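Fold and geometry: a report
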Amino acid sequence: MNDERVIEQNLLRRGTIGDGFRRSASRLPNKPHLIYYDHNNERSVYSYKDVNKNANKIANALYKEYGVKKGDKVAIMSHNIPQFIMIWSGLTKIGAVITGVNFSYKKDEVQYQINHSEPKVFFVEDTLIENIEPIKTNLISVKHFIGINLQKKDLPPGWIKFDELTSEKYQITEPEIEIDDTDIAMLSYTSGTEARPKGVMLQYRNYLSSTIPSWIKDVRMEEEDIFLYYMPFYTIAGLGSITTCSMLGTTMILSYNVIPEKALQIIDYENATLIGQTPAFYMKLAQSEEFHKHSLQSLKKCIVYGGLIPRKMVEDWHKKVPKMLWGTYWGQSELSQLGSAGWFSEIKDIPDEDPSWIGKPVFTLETKVIDESGKEIEEGVGELLCRGSCVMVGYFKDEKKTKEVMRDGWVHTGDIVRVDKSKNMFFFDRSKDVIKTGGMNVSSFEVQDAINRHPKVLEVAVIGLKDDYWSEKVAAFIVILKGETVEREEIILFCKKSLAAYKVPKEIYFVDELPHDRQGKLLKRKLKEVYDK
């Protein structure tokens, strides 16, 4: 069979992410795909047709001029900007593999990921190029450095302007490349809380047959949604949700800067219906002086992930927008983002009123919970195991770790959950974060929830600190509400009302703020680095 016939047969039957992007542009050419507020807060709108046209130009440029072929890696380091989505869409049309790089990374972190992932092309936002220049010659796999020139200034020597790839020089026709749904689409790097970040290899089929259907059914994503989008694109949550939104035909609102007051203005001006972010983000919005000045009544759904559901957050938002629903979800890069989901309006709607609830398994995923002996349990606390079409191919260049995590026909998530007879799941802790004190196991999440109930507490993190007598002692780091004061003994006595004695913190630290990553997830390891001497 000649090459032309092979491609004809491939195009006839396939359904890849790039095909989905193209079909959205054909179906909804003039619908706003992206509404973008840039670094100067200037607003611009890109239709589905606009994005697809630029994606095709980028794809043709990379394939024909810069030698990017199917299976080649391409790295992107930027804020949440339209160009990122155009590049990602273009890569899906030629079968190239994306790897997103955290724009807050230091030089050695960037160098590790680039040299580990071995991209042929590296796209970098112009404001970040100064961090790359000193290590540029060390990034040995990169053949072409392309600067996304937001500031419209001259780039350093050796950098190609992104705008050249979207110029009239390149065709807007769809590339015809043989692509299969089992090809690798993404190389997503984990957060690296235990060691160096791991590269998770994900196929097109992971999203097409599992994650996207689950977002529609379990996370209730709709074409009519107007999604105020703050999930960082370099994360699996960010990249994965871009993909679902773009295939479904949702409008996304992007903002270069993440400022609570501006977010509140955007919600009202754009009539946003949906947000997805960590608890810290919603708490910052509710704490803003602007919170009570805005209507916010367009919001229908707010998705929360990456931490315990704070009671005060739910109460404050319910008073403001009573009809709004909260969606809680849990997931991992190894599962192509999504594992479980659940919906509620108030804390009383949550099973057992337990804010560690992460919903039930999504319909495309099979799960089981095992005890320490490896025996499956129907009810109780144990490690969560998963399998389904969402499961990664493995860790890039790390067969040993892949075999550790993927064994006996299951992904061993390393997450400890409590499960009830109705298949509700409650996040107990990461196995590495369970506090072992005096021969007993303590969930940091349970202690955090107990302290969060105190009316003067804004935020809390609980960790185990080394102790000669207890092995580990429970330690709480607490941020108090502005204008309030509280004593150590008051917190201790409050905890004793709801916690067994061995779970009550033995150390209390009052701090001005807690460390978070760019998504707002608590960085407990940072606390350990400082306090676990």
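Analysis parameters
Residues numbered from 1 in each chain as written. Predicted model: local features only at pLDDT ≥ 70, side-chain atom pairs only at ≥ 80, totals over all residues. Heavy atoms only, no water. Helix = DSSP H or I, 4+ residues; strand = E, 2+ residues; numbered from the N terminus. Buried < 20%, exposed > 50% of the residue type's maximum accessible area, 1.4 Å probe, protein only. Contact = heavy atoms within 4.5 Å. Areas by Shrake-Rupley, 256 points an atom, 1.4 Å probe, with all protein chains shown as cover. Pairing = 2+ DSSP bridges. Axes fitted to C-alpha atoms, helices over the stretch in contact; angles between N-to-C directions. Parallel < 35°, antiparallel > 145°, perpendicular 65-115°, else oblique. Nonpolar A, V, L, I, M, F, W, Y, C, P; charged D, E, K, R; others polar. Salt bridge = Lys/Arg side-chain N within 4 Å of Asp/Glu carboxyl O. Phe/Tyr/Trp six-rings, centres within 6.5 Å; stacked < 30°, edge-to-face > 60°. Lys NZ or Arg CZ within 6 Å of the ring centre and 35° of its normal. Core = buried A, V, L, I, M, F, W, Y, C linked by side-chain atoms within 4.5 Å.

Moving on, we come to the overall build of the protein chain. The helix and strand inventory of the protein chain stands at 16 helices and 28 strands. Along the longest, intermediate and shortest principal axes, the C-alpha atoms of the protein chain span 75 × 55 × 45 Å. Buried residues in the protein chain amount to 59% of all 533 residues. Considering only residue pairs separated by 6 or more positions, the protein chain has 67% of its internal contacts joining residues 24 or more positions apart. For the protein chain, the exposed area adds up to about 22,600 Å²; of that, 48% sits on carbon and sulfur atoms.

Attention now moves to the pairing of strand β8 (residues 184-189). Of all 6 residues in β8, 5 are buried; the element is thus mostly enclosed. Examined bridge by bridge, β8 and strand β9 (residues 199-203) share 5 bridges and lie antiparallel to one another. Residue I184 lies in a different strand from β9, and its bridge partner there is Q203.

Most of strand β5 (residues 121-125) sits inside the fold, with 5 of its 5 residues counted as buried. Covered by surrounding structure in β5 are V121, F123 and E125 together with F122 and V124, the residues of both alternating faces. Note: β5 against strand β6 (residues 144-148), 5 bridges, orientation parallel. Each bridged residue has a counterpart across the sheet, and for E125 the counterpart in β6 is I148.

Time to look at the environment of V121. As for its position among the elements, V121 is in strand β5. Sequence-wise, V121 and P310 are 189 residues apart; in three dimensions their C-alpha atoms are separated by 42 Å. In this view, V121 contacts L62, V68, K73, V74, A75, V142, H144 and I146; residues no more than four positions away in its chain are not counted.

We now examine the sheet that holds strand β10 (residues 226-229). Within the open sheet, the 9 strands sit side by side as β2-β1-β11-β10-β12-β13-β14-β15-β16. Their pairing is mixed. Of all strands in the sheet, those bounded by a partner on one side alone are β2 (43-47) and β16 (360-361). When strand β12 (residues 274-277) meets strand β13 (residues 301-304), the two strands line up parallel, connected through 4 bridges. Note that in β13 the partner of I275 across the bridge is C302. Sheet contacts for helix α9 (residues 236-248): β1 (32-37), β10, β11 (251-255) and β14 (325-330); angle to β10, the most-contacted strand, approximately 160°.

Glancing now at the packing of helix α8 (residues 204-217) against α9. Their axes nearest at 10 Å, the elements α8 and α9 cross at an angle of 80°. Here α9 runs roughly perpendicular to α8, going by the angle between their axes. Where α8 approaches α9, its residues Y207, L208, I212, W215 and I216 are matched on the opposing element by I236, G240, S241, T243, T244, M247 and L248. For the contact of α8 with α9, the residue count by class is 8 nonpolar, 4 polar and no charged.

Further remarks concern the pattern of salt bridges. Within this structure, the stated rule accounts for 29 salt bridges. Note that R430 and D415 form a salt bridge whose closest N and O atoms lie 2.5 Å from each other. With R430 in strand β23 (residues 425-430) and D415 in strand β22 (residues 410-419), the pair connects residues that are 15 residues apart, well separated along the chain. Given the relative accessible area of 4%, D415 is considered buried. Salt bridges linked by common partners bring R14, D19 and R22 together as one network.

Okay, the packing of aromatic side chains next. A complete count under the given rule lists 20 aromatic pairs for this structure. With a centroid separation of 5.1 Å and an interplanar angle of 55°, the aromatic rings of F84 and F233 are classed as tilted. Within this pair, whereas F84 is found in helix α4 (residues 82-94), its partner F233 is found in the loop between β10 and α9, the two being separated by 149 residues in sequence. By relative accessible area, which is 1% here, F84 ends up buried. Taken together, the ring pairs connect Y230, F281, Y282, F291, W317 and W326 into an aromatic cluster. Taking NZ or CZ as reference, K320 lies 5.9 Å from the ring centre of F291, over its face.

Another aspect to go through is the environment of V457. Take V457: it is sitting in strand β26 (residues 457-467). Judged by relative accessible area, V457 falls into the buried class, the value being 2%. Look past the residues within four positions of V457 in its chain and what remains in contact with it is I451, N452, I478, V479, I480, L481 and I491.

Judged by nonpolar contacts, the single largest core of 86 residues is most densely connected at L62, W88, F123, L165, M186 and Y229. Those residues within four positions of L165 in sequence are excluded, and the remaining contacts are K57, I58, A61, L62, Y66, F123, I146, I160 and Y170.

In this section: the environment of R220. Positionally, R220 belongs in the loop between α8 and β10. Its relative accessible area of 38% is what places R220 among the partly exposed residues. It is 9.9 Å that separates the C-alpha atoms of R220 and A341, two residues lying 121 residues apart in sequence. With residues up to four places along the chain from it excluded, the contact list for R220 reads W215, D225, K301, L325 and W343.

The analysis is restricted to geometry; functional conclusions fall outside its scope.
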